[in-house]
Amino acid sequence: MWGILTRTTFKVRMERASGLVRPVSATKLAGRYLAHQEGLPSLPVPALQQTCDRYLTALEPILDPEKLRRTRELVTDFQKAGGVGERLQKSLEKRAGGK
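Residues numbered from 1 in each chain as written. Predicted model: local features only at pLDDT ≥ 70, side-chain atom pairs only at ≥ 80, totals over all residues. Heavy atoms only, no water.

1. A word on the overall build of the protein chain
Within the protein chain, the regular secondary structure consists of five helices and zero strands. For the protein chain, the sequential pattern of α-helices and β-strands runs α-α-α-α-α. By the burial criterion, 10% of the 99 residues in the protein chain qualify as buried. Put simply, of all contacts in the protein chain between residues at least 6 apart along the chain, 47% involve residues at least 24 apart. As displayed, the protein chain has an accessible area near 9100 Å², and 62% of this comes from carbon and sulfur atoms. (Helix = DSSP H or I, 4+ residues; strand = E, 2+ residues; numbered from the N terminus. Buried < 20%, exposed > 50% of the residue type's maximum accessible area, 1.4 Å probe, protein only. Contact = heavy atoms within 4.5 Å. Areas by Shrake-Rupley, 256 points an atom, 1.4 Å probe, with all protein chains shown as cover.)

Here it is in structure tokens:
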């Protein structure tokens, strides 16, 4: 009898304890999280070359040599004058300057 009573009491306590933790919605935190966003200074947009160099440096320890070589080729194409990287960089700089 005592064993049944303690198991039942334990189960009830566990159910109550799990009810204390409620999931937090990201939308509810957004107001508090971004409350002072307007007052913060803008960060400068790094140069495209610097961004690409940092990207490759971050990938070196995790990619095998063949994939790293291919990634370097893609990054070189991305950085070409008049290419996608240059256009995106100009867009970022324009957006950063408008704030």
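2. So, the pattern of salt bridges
In this structure the tally under the stated criterion is six salt bridges. In this structure, Glu60 and Arg72 form a salt bridge, with 3.0 Å as the shortest nitrogen-oxygen distance. Here the residue Glu60 occupies a position in the loop between α3 (48-59) and α4 (65-79), and Arg72 occupies one in helix α4, the gap between them amounting to twelve residues. Among the residues examined, Glu60 registers a relative accessible area of 38% and is labelled partly exposed. One network of salt bridges, in which partners are shared, links Glu66, Arg69, Arg70 and Glu73. (Salt bridge = Lys/Arg side-chain N within 4 Å of Asp/Glu carboxyl O.)

3. Some points on α4
With 15 residues, α4 extends 21 Å between its outermost C-alpha atoms, agreeing within 8% with the 21 Å of an ideal straight helix rising 1.5 Å per residue. Listed as buried for α4 are Leu68, Thr71 and Val75. An end-on view of α4 places all buried positions within 60° of arc, on one side of the element. Of the surrounding elements, those touching the buried residues of α4 are α3. (Expected span 1.5 Å × (residues − 1). Arc of directions from axis to C-beta.)

4. Examining the side chain of Gln89
With respect to the helices and strands, Gln89 occurs in helix α5 (residues 84-97). When residues no more than four places from it in sequence are discounted, the contact partners of Gln89 are Val45, Pro46, Ala47 and Leu48.

5. Remarks on a nonpolar patch on the surface
Together, Phe78, Val84 and Leu88 line one region of the surface with nonpolar side chains, adding up to about 240 Å² of accessible area. By the element assignment, Phe78 lies in helix α4. Here Phe78 falls in the partly exposed class, since its relative accessible area comes to 31%. (Patch = residues over 30% accessible without salt bridge, like charges linked within 9 Å, V, L, I, M, F, W, Y side chains within 5 Å.)

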